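Given next are the chains, with one letter for each unit.
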Amino acid sequence: MKLTVVGCGYLGATHAACMAELGHEVLGMDCDMDKVAVLNSGKAPFHERDLDGLLAKHTATGRLKFTASYAEAAAFAELHFIGVGTPQQPGENAYDLSHLFAAVRQLAPRIKSPAVVAVKSTVPVGTAPRVRDLLHEFAPVGDRVQVAWNPEFLRESFAIEDTLRPDRLVLGFDTEHSWAEAVLRQCFEKIIEAGTPTIVTDWATAELAKASANAFLATKISFINAIAEVCEASGADVGQLADILGHDARIGRRGMRPGLGFGGGCLPKDIRGFMARAGELGVDQALTILREVDAINNRRRERMVDLACEQVGGNLGGKRITVWGAAFKPETDDIRDSPALAVAHKLHELGATVTVTDPQALDNARKMHPELDYIDDPIAAVQDAELLLHLTEWPQFSHIDPHRLAARIATPKVIDGRGTLNLATWREAGWTFRALGRP
């Protein structure tokens, strides 16, 4: 098939490359000329595992191209995916849908033959009818443009796997959807034939799918972190407790990761957007639990700052602290709502000299937090520090020999905010070792 992907940020660029991998001829469209140039060179303007390889492969063959022209995109295909960002509104919990509606308004007047517009962006429930109305109002073919909702369930650093081999495929339509469904089933034919569970539903259910999934995941993380607070107070080990709970098939261990908490561009935004929309619908009390989920998550960052202060004698002023991690999770350069950077910034505000290291995210971190110091080498970063904080669980951090570090750091003290360092190894090397939720 021929198809377009409007909006080539993290979601759109990944989706475009994966659709080319499935055999389709794909035109990605983005208003950012610099981004378009980078993508046409076969590279991503952000870090995502294996994405550069897919981009290079399919731009080289001509199967995948990128443009900044809405007119070119509209004329290219009868299937248009929209994957623009829907960030949180400044100072509010609600989604900012301005980019989505702007994309629809730009695309619609240029659609001159029957087409399907499939939206992948995460939105508050009730957005689909507004998209349909805009398309029917501004498209020359009017109601011959059909709207589908196809939510994404991508995990950063696993986005290609999650696109090509998803654990479910959700297709949302209104009551008249036979042609749109046929078009999308053709698009995802290889994925469906591979046995992927495919749920065909209405717009509202499809819109709620991503936000509901993220709300549940956030709840699971905050639950185990609330238990971690009890573990610290009682001397229990939250890591072992999570293993015990995880063996219960009704609960499961996957996703239940005790530590510093979640961040990124999805979970925090989606639970807040979910709460905002519930309030607009008059059912905000049904999601009261999510307020506490958000509060627990933020409290983990405060707890890390308190532990750091405790470990350096109660006063952070003038103390040298090294932070391993800037990205909100490993295998990405995404620093949106990064717990690691939030802690580093707070320590700086309280008077500490903070040095941050990260394998991928330092350039982005420098732009957002120029007040911090940055070093590429995690071993050199601890030189003369009085405390080491492990705040993003990059595998390479866990493989560093603590004996080697002990000779560089002024005071061999470490706080593991992610629970992936080997407690026995570090203590045997002479370190004072603390971890969230562990004795």
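The structure reproduced in this document is the subject of the present report. Fair warning: this is a prediction, and the values are worked out from it, not measured in the lab.

### Regarding the overall build of the protein chain
The secondary structure content of the protein chain amounts to 18 helices and 14 strands. Relative to the 2.2 N^0.38 estimate, which gives 22 Å for 439 residues, the radius of gyration of the protein chain is 23 Å and therefore close to what a compact globule would have. Taking the principal axes of the C-alpha coordinates as reference, the protein chain spans close to 70 × 50 × 40 Å. Relative to its full complement of 439 residues, the protein chain shows a buried share of 54%.

### A short note on the sheet that holds strand 10 (residues 353–357)
The six strands lie next to each other as 11-10-9-12-13-14, forming an open sheet whose pairing is parallel. Of all the strands in the sheet, just strand 11 (373–374) and strand 14 (432–435) have a single pairing partner and so form its edges. Of the strand pairs in this sheet, strand 12 (residues 387–390) and strand 13 (residues 413–416) are connected by three bridges, and their pairing is parallel. Counterpart to His390 in the pairing with strand 13 is Asp416. Sheet contacts for helix 14 (residues 339–349): strand 9 (320–324), strand 10 and strand 12; angle to strand 10, the most-contacted strand, approximately 160°.

### A short note on the pattern of salt bridges
Tallied over the entire structure, the rule returns 30 salt bridges. Note that Asp337 and Arg272 form a salt bridge whose closest N and O atoms lie 4.0 Å from each other. Placement of Asp337 in the loop between strand 9 and helix 14 and of Arg272 in helix 12 (residues 267–280) is noted, with a sequence separation of 65 residues between them. Linked by salt bridges that have partners in common, Glu229, Glu232, Glu292, Arg299, Arg300 and Arg303 make up one network.

### Here we look at the packing of helix 1 (residues 10–21) against helix 3 (residues 51–61)
Describing two packed helices takes the angle between their axes plus the distance from one axis to the other. Where helix 1 contacts helix 3, the axes come no closer than 9 Å and their chain directions differ by 55°. The orientation of helix 1 relative to helix 3 falls into the category oblique. Here helix 1 and helix 3 pass one another in a crossing that is left-handed. Where helix 1 approaches helix 3, its residues Ala13, Thr14, Ala17, Cys18, Ala20 and Glu21 are matched on the opposing element by Leu51, Leu54, Leu55, Lys57 and His58. Among the residues forming the contact of helix 1 with helix 3, the class breakdown is seven nonpolar, two polar and two charged.

### With respect to the pairing of strand 12
Along strand 12, one buried face is formed by Leu387 and Leu389 and the opposite face, lined by Leu388 and His390, is buried too. Note that strand 9 and strand 12 share four bridges and pair parallel. Within strand 12, the residue paired with Trp324 across the bridge is His390.

### Quick notes on unusual backbone geometry
In this structure, Glu331 takes a positive phi of about 65° despite not being glycine. Relative to the helices and strands, Glu331 resides in the loop between strand 9 and helix 14. Here the phi dihedral of Asp384 falls at roughly 65°; this positive angle occurs in a residue that is not glycine. With respect to the helices and strands, Asp384 occurs in the loop between strand 11 and strand 12. Residue Asp384 is classed as partly exposed on the basis of its relative accessible area of 44%.

Parameters and conventions
Residues numbered from 1 in each chain as written. Predicted model: local features only at pLDDT ≥ 70, side-chain atom pairs only at ≥ 80, totals over all residues. Heavy atoms only, no water. Helix = DSSP H or I, 4+ residues; strand = E, 2+ residues; numbered from the N terminus. Rg over C-alpha atoms; globule rule 2.2 N^0.38 Å. Buried < 20%, exposed > 50% of the residue type's maximum accessible area, 1.4 Å probe, protein only. Pairing = 2+ DSSP bridges. Contact = heavy atoms within 4.5 Å. Axes fitted to C-alpha atoms, helices over the stretch in contact; angles between N-to-C directions. Salt bridge = Lys/Arg side-chain N within 4 Å of Asp/Glu carboxyl O. Parallel < 35°, antiparallel > 145°, perpendicular 65-115°, else oblique. Left-handed = near helix turned anticlockwise from the far one by under 90°. Nonpolar A, V, L, I, M, F, W, Y, C, P; charged D, E, K, R; others polar.

Note that every value here comes from positions in space, so none of it alone points to a role or purpose.
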